[in-house]
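# Examining the three-dimensional arrangement
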Amino acid sequence: ASAPYRLRLGFSSLGLQGVEHLGIFGGQEAEGHDAARADGEVALAVEGAPDRHGLVYPGGYGERDVVYGTTVDASAPQQVADAADPHTRYTCSGWLGTGSAPASGSTNAVAFAIVTNSTLTWLWSTHHYLDVNAAGSGETDVSSGWRELDEVIEVAATASSDCMFVKWTGDV
């Protein structure tokens, strides 16, 4: 058999560089129990980073008023398909919170009693489907599957005996 021919693939995008939460509503920074308004409500802002994906509970993305002391049971779908590209999907990798929401978590659900203005940001990672096929007489050392954005994949192609590697084809 001949030596393997290697191809290095990388998915790239701006991706999540960092998310900063100020917890500011109506021009005033939320602090402790004093954040409840006279009507007994506090604000909850729900966001997605780096973008909004899927239907999140409760009430979707955006800002809403919640009764002071209410238990917020929040969740996001584990995975969301990209409607425009069947080779792309988004996976909920956790959340960040401010105010009454816990600071962070690595699940797609969180519950907390809300007593101050709060933010909940669902964190999404992007995955692309890598389709690997060997044409002719040979093989590759990587199988097809979902790969995370910015993941580098090295694929080696090895020709069968009495054959030779010719070229990589496709969107590489």
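So, a few notes on the structure that sits alongside this text. (Residues numbered from 1 in each chain as written. Predicted model: local features only at pLDDT ≥ 70, side-chain atom pairs only at ≥ 80, totals over all residues. Heavy atoms only, no water.)

Along the protein chain, the regular secondary structure elements total 0 helices and 14 strands. In the protein chain, of all internal contacts separated by at least 6 residues, the share reaching a separation of at least 24 is 55%. Surface exposure of the protein chain reaches about 10,200 Å², of which carbon and sulfur atoms provide 49%. (Helix = DSSP H or I, 4+ residues; strand = E, 2+ residues; numbered from the N terminus. Contact = heavy atoms within 4.5 Å. Areas by Shrake-Rupley, 256 points an atom, 1.4 Å probe, with all protein chains shown as cover.)

Within this structure, the stated rule accounts for 1 salt bridge. Ionic pairing is found between E47 and R52, a salt bridge with its closest N-O pair at 2.9 Å. E47 gets classed as partly exposed once you look at its relative accessible area, which sits at 31%. (Salt bridge = Lys/Arg side-chain N within 4 Å of Asp/Glu carboxyl O. Buried < 20%, exposed > 50% of the residue type's maximum accessible area, 1.4 Å probe, protein only.)

The biggest cluster of nonpolar side chains holds 20 residues, and the ones touching the most others in it are L44, V72, V110, F112, I114, W122 and W124. Looking at this core, the elements that each hand over two or more residues are β4 (41–49), β6 (71–75), β8 (88–98), β10 (109–113) and β11 (118–130). In terms of nonpolar packing, the next biggest core, distinct from the first, is built from 5 residues, L130, V132, V142 and I153 among them. (Core = buried A, V, L, I, M, F, W, Y, C linked by side-chain atoms within 4.5 Å.)

Attention shifts here to the side chain of R89. Summarising the element assignment, R89 is placed in strand β8. Although R89 is buried, it forms no salt bridge, and the closest oppositely charged side chain is E151 at an N-O distance of 9.9 Å. Reaching out from R89, the side chain makes a polar contact with the side chain of Q79 at a distance of 3.4 Å. In this view, R89 contacts Q79, V80, A81, D82, S125, T126, H127 and W146; residues no more than four positions away in its chain are not counted. (Lys, Arg positive; Asp, Glu negative; His and termini not counted. Polar contact = N/O pair within 3.5 Å; in protein donor to acceptor, adjacent residues only side chain to side chain.)

On to the environment of S125. Position of S125 relative to the elements: it lies in strand β11. Overall, the relative accessible area of 11% leaves S125 in the buried class. Residues S125 and A49, 76 residues apart in the sequence, show an inter-C-alpha distance of 8.7 Å. Setting aside its immediate chain neighbours within four residues, S125 contacts R89, Y90, T91, S93 and E148.

Our next topic: the packing of aromatic side chains. Counting across every chain of the model gives 2 aromatic pairs. Here Y129 and W146 contribute two aromatic rings whose centre-to-centre distance is 5.3 Å and whose plane-to-plane angle is 75°, an arrangement assigned as edge-to-face. Pair noted here: Y129 is in strand β11 and W146 is in strand β13 (residues 145–148), with a separation of 17 residues, a long-range link. A residue is classified by how much of its surface remains accessible, and W146, at 30% relative accessible area, is partly exposed. (Phe/Tyr/Trp six-rings, centres within 6.5 Å; stacked < 30°, edge-to-face > 60°.)

Time to look at the pairing of β10. In β10, alternate side chains face the same way, and those of V110 and F112 are buried while those of A109, A111 and A113 on the opposite face are not. Pairing geometry for β6 and β10, over 5 bridges, is antiparallel. The residue bridging T71 from the neighbouring strand is A113, located in β10. (Pairing = 2+ DSSP bridges.)

This brings us to the environment of S106. Summarising the element assignment, S106 is placed in the loop between β9 (104–105) and β10. On the basis of relative accessible area, S106 is assigned to the exposed category, the value being 64%. In this structure, the C-alpha to C-alpha distance between S106 and C92, residues 14 residues apart in sequence, is 8.5 Å. Ignoring sequence-local partners within four residues, the contact set of S106 consists of S93 and G94.

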